[in-house]
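Each chain is listed here by its residues.
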Amino acid sequence: MLPTFDLLQMLPTGDPLRFRMEARRALCTPFGFLYGGSGIAASVEAAERATERPLQWITTQFIGTPVPGEVVDLEVVLPAHGKATTQSQVFATVTGSDGERRPVFTSLCAHTVRPGGDQAQFVRMPDVPPPADCPSMSEPFAAALAGTFFDHLERRIAAGTFGLQAVDNPQAGPLHLWCRVPDHEIGAPATQAFVADIIPLAVCAALGVMPGGTSIDNTVRIIDPEPSQWVLLEIVPEGLHRSIGHGSLRIWSEDGRLIGTAQQTCIIRTSHHDRR
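The present account deals with the structure reproduced in this document. (Residues numbered from 1 in each chain as written. Predicted model: local features only at pLDDT ≥ 70, side-chain atom pairs only at ≥ 80, totals over all residues. Heavy atoms only, no water.)

1. Side note on the environment of Val-77
Next, step 1: Within the element layout of this structure, Val-77 appears in strand β4 (residues 71-81).
Next, step 2: The sequence separation of Val-77 and Arg-18 amounts to 59 residues, and the corresponding C-alpha distance is 9.3 Å.
Next, step 3: Other than its neighbours up to four places away in sequence, Val-77 contacts Gln-87, Ser-88, Gln-89 and Phe-91. (Helix = DSSP H or I, 4+ residues; strand = E, 2+ residues; numbered from the N terminus. Contact = heavy atoms within 4.5 Å.)

2. Structural notes on the packing of helix α1 (residues 36-51) against helix α2 (residues 189-196)
Next, step 1: Across the interface, α1 lies against α2 with an axial gap of 7 Å and an inter-helix angle of 165°. Regarding the angle of α1 to α2, the classification is roughly antiparallel. As α1 packs across α2, the resulting crossing turns out to be right-handed. Facing Gly-37, Ser-38, Ile-40, Ala-41, Val-44, Glu-45 and Glu-48 of α1, the residues of α2 in contact are Pro-189, Ala-190, Ala-193 and Phe-194. (Axes fitted to C-alpha atoms, helices over the stretch in contact; angles between N-to-C directions. Parallel < 35°, antiparallel > 145°, perpendicular 65-115°, else oblique. Left-handed = near helix turned anticlockwise from the far one by under 90°.)

3. Considering the sheet that holds strand β8 (residues 175-180)
Next, step 1: Spatial strand order, β1-β2-β4-β5-β6-β3-β9-β12-β11-β10-β8-β7: 12 strands in an open sheet with antiparallel pairing. Each end of this open sheet is capped by a strand with a single partner; those strands are β1 (11-12) and β7 (154-159).
Next, step 2: Of the strand pairs in this sheet, strand β10 (residues 231-241) and strand β11 (residues 244-253) are connected by 10 bridges, and their pairing is antiparallel. Looking at β11, one finds that Pro-237 is bridged to Gly-247.
Next, step 3: Docked against the sheet, α1 engages β1, β2 (18-22), β3 (55-62), β4, β5 (85-95), β6 (101-112) and β9 (213-222), running at close to 135° with respect to β3.
Next, step 4: Here helix α3 (residues 199-207) sits on the sheet and contacts β8, β9, β10, β11 and β12 (258-268); the angle it forms with β12, its principal contact strand, is near 65°. (Pairing = 2+ DSSP bridges.)

4. Overview of α3
Next, step 1: The element α3 is extensively covered by neighbouring structure, given that 7 of its 9 residues are classed as buried.
Next, step 2: Buried residues of α3: Ile-199, Pro-200, Leu-201, Ala-202, Val-203, Cys-204 and Ala-205, and no others.
Next, step 3: In the core, the buried residues of α3 are packed alongside β8, α2, β9, β10, β11 and β12.
Next, step 4: In the stretch just after α3, Gly-208 is the one whose phi turns positive, near 75°. (Buried < 20%, exposed > 50% of the residue type's maximum accessible area, 1.4 Å probe, protein only.)

5. What about the packing of aromatic side chains?
Next, step 1: Per the counting criterion, the structure on display carries 5 aromatic pairs.
Next, step 2: Judged by centre distance (6.4 Å) and plane angle (55°), the ring pair of Phe-62 and Phe-105 falls under tilted. Note that Phe-62 is positioned in strand β3 and Phe-105 in strand β6, a separation of 43 residues in sequence.
Next, step 3: Residue Phe-105 is classed as buried on the basis of its relative accessible area, which comes to 2%.
Next, step 4: Taken together, the aromatic side chains of Phe-5, Tyr-35, Phe-149, Phe-150 and Phe-194 make up a single cluster linked through ring pairs. (Phe/Tyr/Trp six-rings, centres within 6.5 Å; stacked < 30°, edge-to-face > 60°.)

What follows is the structure, given as structure tokens:
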């Protein structure tokens, strides 16, 4: 049986290819819209439930922004289903007060049930202090964070600095962050997707500007789903052009296993933040 990410509170419907999730404040940002990592995790879980196969890869494009209290409807389509590999698509919509459905995000996914046994790792985890020896990441925004997705992430800085501390202090060195989800190990695809949506914050740190960004797309690749209490996010801001930021990250277990990678494209903007 595939693991579930209880924080999402994903609900089945009478259709095995359709699911529902309320955009609770616990899944949203302090600015009143669904956190991208919550949306990607929802697509992962819907696709895995529909296919009954573990996810290997997902790329998600963000079209709209569900707000707290709205219900996200997720429909899964299976264009290809082979002996060991399945390709799926997830379409997420919300229905407004006028009865009109509007798209909010869409995902392409790949799943596999190929047998295990063969594995290799060609890169090494950065040499950083353990989580207990690293300072907590301070609040990255001048906003009320209580009750939002920030309550469900504990993050500790292993290298570099983020958020307001990086303003006018562009980060040219490595950006490494320990992360955990209290009461839930990280390893299953939905949990990796939930923690990986952080590249905009790193792009802003590299620029030395106020943190703020809107995701255009986000890709997550699962290498090893064996769970870990803490994971290290090795984040690499890669470039900016026409206010569009790009970056990638590696997700490491505490014992040095590369469990996943992610890439993200985002619009860098800070108009919705106050500088205090």
